[in-house]
Amino acid sequence: MIQGVIFDMDGTLFDTETIFQIEWNRAAAERGITLPNSFRYEICGTSGEPMDRIIEKYYHVREGTPIQLKVKERVIEILKKKVPLKLGVKSILDFFSELPVPMAIGSSSPLSLIESNLQVTGFSHYFKALASGEEVEKGKPAPDIFLLAAKKLKVPPEKCLVFEDSPNGIRAAYAAGMIPVLIPDTTPITEDIEKLSAHRFNNFAEAETCFRIALP
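These numbers come from a predicted model, not from an experiment.

### Re the overall build of the protein
- Summing up its helical and strand segments, the protein has 10 helices and six strands in all.
- Over its C-alpha trace the protein gives a radius of gyration of 16 Å, about what one expects of a compact globule, namely 17 Å for 216 residues.
- In terms of principal-axis extent, the alpha carbons of the protein reach across some 55 × 35 × 30 Å.
- Relative to its full complement of 216 residues, the protein shows a buried share of 54%.
- Within the protein, contacts between residues at least 6 apart in sequence are counted, and of these 63% link residues at least 24 apart.

If you want it as structure tokens, here you go:
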């Protein structure tokens, strides 16, 4: 029996990962750098120090934090105007609300960005808890963010569905002992990530159809 549902935010609930990638590439171009495709795969779903290490590797800088902060500030300004939704998001949020099953967001993004996106979209009322990368010692692929979300929901980890788009997010959900549900976005999905995923759907419309049959 599912007792809680946790959603990643960027690239899962909201079609924001493309915006992030544009700004990562913009910041790189300002330094005369062209980012390879592998950057997108490594950076998605990370936060804090792991994100800094990836930035330092690809931008050839000693300290990644200033670049991380600049990119996030630019993205926040863009999203204050409009937050694009992924296909079927509102419908599946309504579905879990009606069951009812409590929901949380477990995102590597700053809490201020999570709250801003929910305010802009009008989705704040759906979520009982928010867990951000700022609140944990280790970001994804470590399980900390999702374990914190489950704790805030007061739901055992093994009773939580986790919707994710990124490999690092799926790894984190699996490490947390939860039920990873993969809805790929822009990052290539490898066979090992497929194996860690309990379910894979192309979008939330497909996921909702499945869970309407599977859940009482």
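### Regarding the side chain of Thr12
- Looking at the secondary structure, you find Thr12 in the loop between strand E1 (4–7) and helix H1 (17–29).
- With a relative accessible area of 3%, Thr12 lands in the buried category.
- Within polar-contact distance, the side chain of Thr12 engages the side chain of Asp165 at 2.9 Å.
- Thr12 has contacts with Lys86, Val89, Phe163, Glu164, Asp165 and Phe204, leaving out every residue within four places of it along the chain.

### Considerations on the sheet that holds strand E6 (residues 199–200)
- One open sheet holds the six strands; their spatial order is E3-E2-E1-E4-E5-E6, and the pairing between them is parallel. Of all strands in the sheet, those bounded by a partner on one side alone are strand E3 (129–132) and E6.
- Direction of pairing for strand E4 (residues 160–164) relative to strand E5 (residues 179–182): parallel, over a ladder of four bridges. Note on E5: the bridge partner recorded for Phe163 is Val181.
- Across the sheet, helix H7 (residues 144–153) touches E1, strand E2 (103–107), E3 and E4, and the angle it forms with E3 is around 160 degrees.
- Relative to the sheet, helix H10 (residues 204–214) contacts E1, E4, E5 and E6, its axis offset from that of E4 by approximately 160 degrees.

### Considerations on the nonpolar core
- In this structure, Phe7, Trp24, Tyr59, Phe96, Phe127 and Phe163 are the most contacted members of the largest nonpolar core, which totals 50 residues.
- Excluding its chain neighbours within four sequence positions, the residues that come into contact with Tyr59 are Trp24, Ala27, Ala28, Arg31, Ile33, Leu35, Phe39 and Ile67.
- By size, the runner-up hydrophobic cluster in this structure holds 18 residues, among which are Val136, Leu148, Ala149 and Cys160.

### Digging into the layout of surface pockets
- Of the volumes computed, that of the largest pocket is approximately 210 Å³.
- Along its surface, the largest pocket is lined by 18 residues, and Ser47, Gly48, Gln68, Gly133 and Glu134 are the ones closest to its centre.
- Listed by contribution, the elements that provide at least two residues to the lining of the largest pocket are helix H3 (48–59) and helix H4 (65–79).
- Taken together, the residues that form the lining of the largest pocket break down as four nonpolar, eight polar and six charged.

### Examining the side chain of Lys72
- Mapped onto the elements, Lys72 comes out in helix H4.
- No salt bridge forms around the buried Lys72; measuring N to O, its nearest opposite-charge neighbour Glu134 is 6.9 Å away.

### Details of empty space enclosed by the protein
- Per the counting criterion, the structure on display carries one cavity of 30 Å³ or more.
- Each pocket or cavity is described by its volume, and for the largest cavity that value is around 190 Å³.
- With three residues, the top contributor of residues to the lining of the largest cavity is H1.
- Residue classes in the lining of the largest cavity are distributed as five nonpolar, six polar and five charged.

### Observations concerning the packing of H1 against H4
- Relative to each other, H1 and H4 sit at 135 degrees, their axes nearing to 9 Å. Classified by the angle between their axes, H1 and H4 sit oblique to one another. Read as a crossing pair, H1 and H4 show a hand that is right-handed. Of the residues in H4, those in contact with Ile19, Phe20, Glu23, Trp24, Arg26 and Ala27 of H1 are Ile67, Gln68, Val71, Lys72, Arg74, Val75, Ile78 and Leu79.
- Class assignment for the residues of the contact of H1 with H4 results in nine nonpolar, one polar and four charged.

### Brief notes about the packing of helix H5 (residues 89–98) against H10
- Remark: H5 packs on H10, axes separated minimally by 8 Å, with the N-to-C direction vectors making an angle of 25 degrees. With respect to each other, H5 and H10 are oriented roughly parallel. H5 and H10 meet at a crossing whose hand is left-handed. Of the residues in H10, those in contact with Val89, Ser91, Ile92, Phe95 and Glu98 of H5 are Phe204, Ala207, Glu208, Phe211 and Arg212.

Reading the values: rules and limits
- Residues numbered from 1 in each chain as written.
- Predicted model: local features only at pLDDT ≥ 70, side-chain atom pairs only at ≥ 80, totals over all residues.
- Heavy atoms only, no water.
- Helix = DSSP H or I, 4+ residues; strand = E, 2+ residues; numbered from the N terminus.
- Rg over C-alpha atoms; globule rule 2.2 N^0.38 Å.
- Buried < 20%, exposed > 50% of the residue type's maximum accessible area, 1.4 Å probe, protein only.
- Contact = heavy atoms within 4.5 Å.
- Polar contact = N/O pair within 3.5 Å; in protein donor to acceptor, adjacent residues only side chain to side chain.
- Pairing = 2+ DSSP bridges.
- Axes fitted to C-alpha atoms, helices over the stretch in contact; angles between N-to-C directions.
- Core = buried A, V, L, I, M, F, W, Y, C linked by side-chain atoms within 4.5 Å.
- 1 Å grid on protein atoms, 1.4 Å probe; cavity = no way out; pocket = protein on both sides within 12 Å on 5 of 7 lines; lining within 4 Å.
- Points joined across faces, edges and corners; volume = space filled by probe spheres on them.
- Nonpolar A, V, L, I, M, F, W, Y, C, P; charged D, E, K, R; others polar.
- Lys, Arg positive; Asp, Glu negative; His and termini not counted.
- Salt bridge = Lys/Arg side-chain N within 4 Å of Asp/Glu carboxyl O.
- Parallel < 35°, antiparallel > 145°, perpendicular 65-115°, else oblique.
- Left-handed = near helix turned anticlockwise from the far one by under 90°.

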